[in-house]
Amino acid sequence: MAVSRRPYHEQVDIENTKKLRELTGTLPSFTKDFFRGIEPVTSSRTRIAYAYDLRIFFEFLISRNPEFAKKGIEGFTVQDLDQITLSDLEEYTDYLKYYDKDEEDHINKERGIKRKLSSLKSFYNYYYRKEDITTNPAALVSLPKIPDKEIIRLEPNEVALLLDAVENGDHLSKHQAAFHEKNKVRDLAMMTLLLGTGIRVSECVGLDLTDVDLENTGIRIHRKGGKEVVVYFSDEVKEALVPYIDERKRVIAEDGSENALFLSMQNRRISVRAVENLVKKYAKTVTSLKKITPHKLRSTYGTSLYRETGDIYLVADVLGHSDVNTTKKHYAALDEERRRYARDKVRLRDSLNETTQT
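The shown structure was predicted, so the numbers you read here are calculated from the model rather than taken from an experiment.

A. Seen up close, the overall build of the protein chain. Along the protein chain, the regular secondary structure elements total 16 helices and five strands. Expressed as a percentage of the 358 residues in the protein chain, the buried residues total 41%. Across the protein chain, the fraction of contacts at a sequence separation of at least 24, relative to all contacts at a separation of at least 6, is 59%. By element, 49% of the accessible surface of the protein chain is carried by carbon and sulfur atoms, the whole surface being about 21,400 Å².

Printed below as a string of structure tokens:
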């Protein structure tokens, strides 16, 4: 079997496209127009999530309406959407809280319900704008209010403890310690890069050797939606990357992973799951640390950058947030901290007294 030499991000998109075609084959044929229509403004992963969500919606309609049940999913037409009322969608919202499928219980909390309703709103909006339907009850459906989650991040001393744990391998189990000496240069480079740039774990595993520019201290990554950008890193990150890259160039990678920057024990491109497990493993060795994931390392970098610069637009740009309001929401607590810091910086009569005395 021929091994693909395509760039990692292209190969992921191809695999996701195949998966999406498989899923849309289980939906009404008219929905293909929707997925083609939203392709320019969504990632392949988002479209896959929409396909799963819409499948649940059509299965709900069939289970509740005898006329739709006669048609089956493949028999639905776009005009059938005009038969759905706000009351139907409110019933669907309640259905999402708990339903049984293939003898398996499915439970959605507020966040899961909101995502599925958001998919449905996008679906209805598309056909309503095209004037294929005359009603849009989905626009009237209220989304569940999601309480703001506290952003978990590491304090500077915790970052130092975590990197020390990666470098020294203290408190690992015997099984973990057996592999630590072989992998510690790689692990330290990876953890330092994540903490020192705030890139997503998917962006990290997708890096090739040719994406790293040590001279100009930058890495070329592919953001969500396929945008290619350069993210710059500090000399501290460079110091961790250089010995690993020297080591990596001496490794003969498996077919298809020749260009991958970070390799697994099997000399294949490391997976997202493997990085998640690495972060979890090292975090456990530092008992004072919170429960962290690679995304928490990203939050840690964003927090540090905002504290140092106070520039929310810079933070949004570096982290790759398409909407600065997303960034503001995540770091609102730091705004409160900055406001408290400012309260004693402007003095009134005390400053006048000092001027008079001088």
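B. Region of the structure containing helix α8 (residues 174-197). The largest bend in α8 comes to about 70°, at N183. Positive backbone phi, approximately 75°, marks G198, located one or two places after α8.

C. Structural view of the sheet that holds strand β5 (residues 228-232). Pairing within the open sheet is antiparallel, and its three strands lie in the order β3-β4-β5. Looking at strand neighbours, the two that pair on one side only are β3 (212-213) and β5, the edges of this open sheet. Bridge count between β3 and strand β4 (residues 218-222): two bridges; the pairing is antiparallel. Within β4, the residue paired with D213 across the bridge is G218.

D. Quick look at the environment of D82. By the element assignment, D82 lies in the loop between α4 (66-71) and α5 (86-97). Considered as a pair, D82 and P137 are 55 residues apart in the sequence and their alpha carbons are 8.7 Å apart. Ignoring sequence-local partners within four residues, the contact set of D82 consists of I133, T134 and T135. Side-chain polar atoms of D82 contact the backbone nitrogen of T134, separated by 3.1 Å.

E. View of the environment of G25. Note on placement: G25 falls in the loop between α1 (8-24) and α2 (31-38). Relative accessible area serves as the criterion here: at 58%, G25 is assigned to the exposed category. Distance in space between the C-alpha atoms of G25 and E74 is 8.9 Å, their sequence separation being 49 residues.

F. Focus on a negative patch on the surface. A cluster of like negative charges, contributed by D100, D102, E103, E104 and D105, occupies part of the molecular surface. Turning to its location among the elements, E104 is positioned in strand β2 (residues 104-107).

G. Here's a closer look at the packing of helix α3 (residues 44-64) against α5. With their axes 11 Å apart at the nearest point, α3 and α5 run at an angle of 110° to one another. One way to sum up the angle between α3 and α5 is to call them roughly perpendicular. The handedness of the crossing between α3 and α5 is right-handed. Residues D53, I56, F57, F60 and R64 of α3 touch α5, and the partners they reach there are D88, L89, E91, Y92, Y95 and L96. Looking at the contact of α3 with α5 residue by residue, the class counts come to seven nonpolar, no polar and four charged.

H. Summary view of the nonpolar core. Grouped together as the largest cluster of nonpolar side chains are 41 residues, with contacts concentrated most on L162, I199, I219, L241, F262 and L297. Contributions of two or more residues to this core are made by α7 (156-168), α8, α9 (201-205), β4, β5, α10 (235-248) and α11 (272-285). If you tally residues by element for this core, the top one is α8, at seven residues. Every residue in contact with F262, bar those within four places of it in the chain, is listed here: R186, A189, M190, L193, C204, L241, Y244, R268, R269 and I270. Ranked by size, the runner-up nonpolar core spans 37 residues in total, among them I48, F58, Y95 and A138.

I. Region of interest: unusual backbone geometry. The phi dihedral of E131 falls on the positive side, at around 65°, and the residue is not glycine. Examined against the element boundaries, E131 turns out to sit in the loop between α6 (110-129) and α7. Note on E131: relative accessible area 69%, which makes it exposed. Positive phi, close to 45°, is recorded for T217, a residue that is not glycine. Among the secondary structure elements, T217 is positioned in the loop between β3 and β4. Judged by relative accessible area, T217 falls into the buried class, the value being 16%.

J. Fine view of the packing of aromatic side chains. Counting across every chain of the model gives 20 aromatic pairs. Where F57 meets Y92, the ring centres are 5.2 Å apart and the plane angle is 75°; that geometry is what we call edge-to-face. Residue F57 is located in helix α3, and its partner Y92 is located in helix α5; the two are separated by 35 residues in the primary sequence. Look at Y92 and you get buried, because its relative accessible area is 1%.

Parameters and conventions
- Residues numbered from 1 in each chain as written.
- Predicted model: local features only at pLDDT ≥ 70, side-chain atom pairs only at ≥ 80, totals over all residues.
- Heavy atoms only, no water.
- Helix = DSSP H or I, 4+ residues; strand = E, 2+ residues; numbered from the N terminus.
- Buried < 20%, exposed > 50% of the residue type's maximum accessible area, 1.4 Å probe, protein only.
- Contact = heavy atoms within 4.5 Å.
- Areas by Shrake-Rupley, 256 points an atom, 1.4 Å probe, with all protein chains shown as cover.
- Bend = angle between axes of the 7 residues up to and from the residue.
- Pairing = 2+ DSSP bridges.
- Polar contact = N/O pair within 3.5 Å; in protein donor to acceptor, adjacent residues only side chain to side chain.
- Patch = residues over 30% accessible without salt bridge, like charges linked within 9 Å, V, L, I, M, F, W, Y side chains within 5 Å.
- Salt bridge = Lys/Arg side-chain N within 4 Å of Asp/Glu carboxyl O.
- Lys, Arg positive; Asp, Glu negative; His and termini not counted.
- Charge placed at Lys NZ, Arg CZ, Asp CG, Glu CD.
- Axes fitted to C-alpha atoms, helices over the stretch in contact; angles between N-to-C directions.
- Parallel < 35°, antiparallel > 145°, perpendicular 65-115°, else oblique.
- Left-handed = near helix turned anticlockwise from the far one by under 90°.
- Nonpolar A, V, L, I, M, F, W, Y, C, P; charged D, E, K, R; others polar.
- Core = buried A, V, L, I, M, F, W, Y, C linked by side-chain atoms within 4.5 Å.
- Phe/Tyr/Trp six-rings, centres within 6.5 Å; stacked < 30°, edge-to-face > 60°.

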